Amino acid sequence: MNTFDYYRAATLVEAFALMRDKTNYTLLAGGTDLLVKFNEKIMNPKIVLDLGLIKDMREIHFEGIGQVTLGALVTHTQVMESQILQKYAPALVKASSMVGSPQIRNRGTIGGNICNASPAADTVPALIALGAQIELTNEKQVRVIPLEELFLGPGRTVLQTGEILTKISLKALKPDQGSGFEKLGKRKALAISVVNTGVFIEVDSKTRAINEARIALGSVAPTPIRIKKAESLLLGKVLSPTLLKDVASVVASEIKPIDDIRSKAEYRRDVAGELVKRAVEEAWNKASFLG
Ligand SMILES: Cc1cc2nc3c(=O)[nH]c(=O)nc-3n(C[C@H](O)[C@H](O)[C@H](O)COP(=O)(O)OP(=O)(O)OC[C@H]3O[C@@H](n4cnc5c(N)ncnc54)[C@H](O)[C@@H]3O)c2cc1C
């Protein structure tokens with residue numbers, strides 16, 4: 001590993017002061033992605049700025065206006081243990097619980113999972129399905145964008161020099177809404193996803209027809225994507241085995257995955273349809289008026 005200058009900020013103000021006038025710094029959260037890159041010399045940072053001590057960015061809040069917020073430094077373990085998220089964002093809890101090993105989940109953060117911009121990041125499809133908005137903050141202002149607009153390609157985002165991802169906001173699930181997450185990795189533990197998917201649906205409590213749907217997929221394109229054609233197919237309909245089958249075929253035909261060391265494109269296409277089917281069923285079953 002190369003040597004670098006290391007700074008640690010205890011507050012956001014301190015972090016921005018340290019970032020000022022520097023262009024070649026690397027932000028560090030839990031370090032679970034970065035340290036691998038440093039060790040393998042994929043990255044040779046000159047300056048590392050550790051955000052890990054910024055307490056405000058480690059908190060999860062139910063805002064009381066149907067909104068849940070998570071600081072970017074919230075770890076996967078915190079997500080799994082949060083009663084707020086278990087109740088209001090179960091697909092995210094499931095996604096975090098499937099990240100790596102307990103050691104990785106104890107250190108790895110939601111913000112790191114997002115900003116690493118891997119197409120296979122597990123929490124991202126769950127968050128997109130849950131309608132996540134993110135706050136990108138610099139010394140002077142905060143801009144809020146939908147999470148799905150952050151990604152430009154593998155490892156590339158719209159995050160600018162001087163900006164930090166500070167917060168993620170979600171609309172808390174209501175009783176007639178449900179979410180689901182499914183992942184296929186190569187092995188049970190420590191597996192990076194071959195395909196992963198997050199689903200959100202809202203069901204009309206009288207007619208049982210689906211009146212809102214979001215389906216997000218990871219590992220099937222250079223960035224996590226939504227399959228809007230499959231979402232539209234669900235709208236206005238009651239879930240049935242035929243509808244699920246149709247949704248799975250639309251998903252398989254809409255994506256253009258690639259062959260890589262983890263999987264063949266053809267296999268990814270079939271798996272994606274099947275995983276979406278399961279996640280839609282999970283979301284439907286969790287819309288609590290049914291249960
Ligand atoms: C053995 C192993 C298994 C893994 N398994 C999985 C898995 O199953 N699923 C999965 O999705 N991931 C997996 N990962 C990847 C990794 O653990 C997660 O992506 C983790 O959430 C990264 O968070 P971190 O805090 O460690 O990020 P870091 O390594 O600290 O940072 C990652 C990137 O994000 C940037 N960054 C971090 N925080 C911010 C911020 N607040 N604002 C702006 N930029 C920021 C950093 O500059 C860096 O580019 C695995 C990693 C390892 C080593």
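Residues numbered from 1 in each chain as written. Predicted model: local features only at pLDDT ≥ 70, side-chain atom pairs only at ≥ 80, totals over all residues.

**Q** Mind showing me how you'd approach the overall build of the protein here?
**A** Of regular secondary structure, the protein possesses 11 helices and 14 strands. By the compact-globule yardstick of 19 Å for 291 residues, the protein fits well, its C-alpha radius of gyration being 19 Å. By principal-axis analysis of the C-alpha atoms, the protein measures approximately 60 × 45 × 30 Å. Going through the 291 residues of the protein one by one, you find that 44% of them count as buried. (Helix = DSSP H or I, 4+ residues; strand = E, 2+ residues; numbered from the N terminus. Rg over C-alpha atoms; globule rule 2.2 N^0.38 Å. Buried ≥ 20, exposed ≤ 12 C-beta atoms within 10 Å, placed from the backbone.)

**Q** Quick question: what am I supposed to make of the site of the ligand here?
**A** Taken together, 31 residues lie near the ligand, and Gly30, Gly100, Gly108, Gly112 and Asn113 sit nearest. Looking at the shell around the ligand, the elements that each hand over two or more residues are strand S2 (25-28), helix H2 (34-39), helix H6 (102-107), helix H7 (110-115) and strand S10 (164-171). With four residues, H7 is the single largest residue contributor to the shell around the ligand. For the shell around the ligand, the per-class residue count stands at 17 nonpolar, 11 polar and three charged. (Near = placed C-beta within 6 Å. Nonpolar A, V, L, I, M, F, W, Y, C, P; charged D, E, K, R; others polar.)

**Q** I tried to follow the nonpolar core on my own but got confused; where do I start?
**A** Nonpolar side chains tend toward joint burial in soluble globular proteins. By size, the foremost hydrophobic cluster in this structure holds 81 residues, and its most contacted members are Leu51, Ile201 and Val276. With eight residues, helix H11 (residues 265-286) is the largest single contributor of residues to this core. Other than its neighbours up to four places away in sequence, Leu51 contacts Ala9, Ala15, Leu27, Leu28, Ala29, Met57, Leu73 and Ile164. (Core = buried A, V, L, I, M, F, W, Y, C linked by C-beta atoms within 7 Å. Contact = placed C-beta atoms within 7 Å.)

**Q** What exactly am I supposed to notice about the domain arrangement of the protein here?
**A** Many structure descriptions define interface size as the accessible area lost when the parts assemble. Parsing the protein into structural domains produces domain 1 (5-50), domain 2 (55-171) and domain 3 (177-290). Taking only C-alpha atoms into account, the centre of domain 1 sits 35 Å from that of domain 3. (Domains from an automatic or database assignment.)

**Q** So what exactly am I meant to see when it comes to unusual backbone geometry here?
**A** Most peptide bonds take the trans form, and the phi angle of most residues other than glycine is negative. Backbone geometry places Lys41, a non-glycine residue, at a positive phi of 60°. Inspection of the secondary structure assignment puts Lys41 in the loop between H2 and strand S3 (47-50). Not every positive phi belongs to a glycine, and Ser219 is a case in point at roughly 75°. Looking at where Ser219 falls in the secondary structure, it is placed in the loop between strand S13 (210-218) and strand S14 (225-226).

**Q** Explanation requested: helix H5 (residues 90-97) in the structure shown.
**A** The periodicity of an α-helix, 3.6 residues per turn, causes residues three or four positions apart to be oriented the same way. Across the eight residues that make up H5, a large majority, seven, are buried. Along H5, the residues that are buried comprise Pro90, Ala91, Leu92, Val93, Lys94, Ala95 and Ser96.

**Q** Quick question: what am I supposed to make of the environment of Ala89 here?
**A** Relative to the helices and strands, Ala89 is located in the loop between helix H4 (83-88) and H5. Judged by C-beta crowding, with 28 C-beta atoms within 10 Å, Ala89 ranks as buried. The spatial distance from the C-alpha of Ala89 to the C-alpha of Asn196 is 17 Å, given a sequence separation of 107 residues. Residues in contact with Ala89, not counting those within four places in the same chain, are Val68, Leu130, Leu170, Leu173 and Ser179.

**Q** Would you take a moment to explain the sheet that holds strand S7 (residues 142-146) for this structure?
**A** Within a sheet, adjacent strands bond to each other through the backbone by hydrogen bonds, running parallel or antiparallel. Taken in spatial order, the five strands of this open sheet run S4-S5-S10-S6-S7, and their pairing is antiparallel. Two strands lie at the open edges of the sheet, namely strand S4 (60-62) and S7, each paired on one side alone. Across the sheet, the axes of successive neighbouring strands diverge by a mean angle of 20°, strand direction being ignored. Bridge analysis of strand S6 (residues 133-137) against S7 gives five bridges, and the strand direction is antiparallel. Each residue of the ladder has a partner; that of Gln133, found in S7, is Pro146. (Pairing = 2+ DSSP bridges. Axes fitted to C-alpha atoms, helices over the stretch in contact; angles between N-to-C directions.)

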